[in-house]
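Structural features, examined
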Amino acid sequence: MAKSGLLVVLSGPSGVGKGTVCKALLDKDPELVLSVSKTTRKPRLGEKEGVNYYFVGKEEFEADILKKNFLEYAKVYDHFYGTPRQTVEKLLQQGRNVILEIDPQGALQVMKTYPNGVFIFLLPPSAAELRARIIARGTEDKASMQKRLAAAALEVAQAEKYKYVVVNDHIDAACDRIYAIIQAEMLKVQRNIELLQAFAKEVEK
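This report concerns the structure included in the present document. (Residues numbered from 1 in each chain as written. Predicted model: local features only at pLDDT ≥ 70, side-chain atom pairs only at ≥ 80, totals over all residues. Heavy atoms only, no water.)

Let's talk about the sheet that holds strand β7 (residues 98–101)
The criterion, for reference: If DSSP finds at least two bridges between two strands, the strands pair. Elements are defined by DSSP. Helices are runs of H or I of four residues or more, strands are runs of E of two residues or more, and each kind is numbered from the N terminus.
Spatially, 5 strands are ordered β2-β7-β1-β8-β9 in an open sheet, and the strand pairing comes out parallel. Unpaired on one side and paired on the other, β2 (33–34) and β9 (164–167) mark the two borders of the sheet. Where strand β8 (residues 118–123) and β9 come together, 4 bridges link them in parallel fashion. Residue pairing across strands places leucine 123 opposite valine 167, the latter belonging to β9.

Some words on helix α4 (residues 104–113)
Basically, it comes down to this: Accessibility here uses a 1.4 Å probe with only protein chains present; expressed as a share of the type maximum, an area under 20% marks a residue as buried, one over 50% as exposed, and anything in between as partly exposed. By arc we mean the arc of the directions from the helix axis to the C-beta atoms, nothing more. Residue contacts are counted whenever heavy atoms from the two residues lie within 4.5 Å of one another. Throughout this description, a polar contact denotes any pair of N or O atoms lying within 3.5 Å of each other; where both atoms belong to protein, one of them has to be capable of donating a hydrogen while the other can accept it, and for residues adjacent in sequence the pair is counted only when both atoms sit in side chains.
Listed in full, the buried residues belonging to α4 are Pro104, Gly106, Ala107, Val110 and Met111. Looking straight down α4, one finds its buried side chains confined to an arc of 150 degrees; they lie on one side. On its buried face, α4 sits against β1 (7–11), β5 (70–76), β7, β8 and α6 (142–156). The N-terminus of α4 is capped by aspartate 103, whose side-chain oxygen sits 2.7 Å from the backbone nitrogen of glutamine 105.

Here's the deal with the environment of glutamate 129
Counting through the fold element by element, glutamate 129 comes out in helix α5 (residues 127–137). Each C-alpha atom, one on glutamate 129 and one on aspartate 169, is 9.3 Å from the other, the two residues being 40 residues apart in sequence.

Considering the state of the cysteines
Operational definition: Any cysteine sulfur atom paired with another within 2.5 Å is treated as part of a disulfide.
Summed over all chains, the structure comprises 0 disulfides. No disulfide involves cysteine 22; its sulfur sits 9.3 Å from the nearest other cysteine sulfur, which is in cysteine 175. Residue classification places cysteine 22 among the buried residues on the basis of a relative accessible area of 2%.

Some details on a nonpolar patch on the surface
Which entries qualify depends on this criterion: A residue counts toward a patch only above 30% relative accessible area and without a salt bridge, and it is joined to like-charged neighbours within 9 Å or, for Val, Leu, Ile, Met, Phe, Trp and Tyr, to nonpolar neighbours within 5 Å. Each accessible area value is a Shrake-Rupley result obtained with a 1.4 Å probe; residue values ignore everything except the protein chains displayed when judging cover. In what follows, salt bridge is the name for a side-chain nitrogen of Lys or Arg lying within 4 Å of a carboxyl oxygen of Asp or Glu.
Residues Val189, Ile193 and Leu196 make up a contiguous nonpolar surface patch of about 250 Å² in total accessible area. Along the chain, isoleucine 193 falls in helix α8 (residues 193–204).

What to know about the pairing of β1
Counting buried positions along β1 yields 5 of 5 residues, so the element is predominantly enclosed. Burial along β1 is two-sided: Leu7, Val9 and Ser11 facing one way and Val8 and Leu10 facing the other are all buried. When β1 meets β7, the two strands line up parallel, connected through 4 bridges. Bridged to valine 8 within β7 is isoleucine 99. In this sheet, β8 lies alongside β1 in parallel orientation, the contact comprising 4 bridges. Across the sheet, serine 11 pairs through a bridge with phenylalanine 121, a residue of β8.

With respect to the side chain of threonine 40
Tracing the sequence through the fold places threonine 40 in the loop between β3 (37–39) and β4 (53–55). Under the relative-accessibility criterion, threonine 40 is labelled buried at 17%. Once residues lying within four places of it in the same chain are set aside, the contact partners of threonine 40 are Val56, Gly57, Lys58, Phe61, His79 and Phe80.

In short, shape yes, function no, at least from these values alone.
Encoded structure:
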């Protein structure tokens, strides 16, 4: 029987660079599969359907909620985001390692369903750096930026519930730290019981 894959959940405040770090991680580990979420917000410049998100209307999203089609979902800054349940569960059953790049609201929901998941909180180097990154996007007015920064403070307070925290000071360094976490998780004894048992039987012959 194939070993189930790892569920890796990467989350953190808006503007911390989750998407950029995820892209670098996928380039480093081609075996890692990124779960593509659904959202009701409009695409940003450069975002592609089915690659960054599945962009859907509010009615379709709410219908999926009623059908319990989401592993998690959350309303963030007036828009809905959700992780399709069936896709993730199928990949895990196939032994694939799946990464969810989601908001902390969603991550806390996933913790209840998959407590053995690998939960990583991505932290900015400083509040000033986070502010600079949000400004650099050019998509926020002053009121919206203040709203995001206030939310970030609340989200960081939830970081103690995660298994790991990684500071995104440099993309490559953050990527290397997360990759090391995944490798360590794959080598845990509880994930390799069958291998150990098979070896013990072989030795006894």
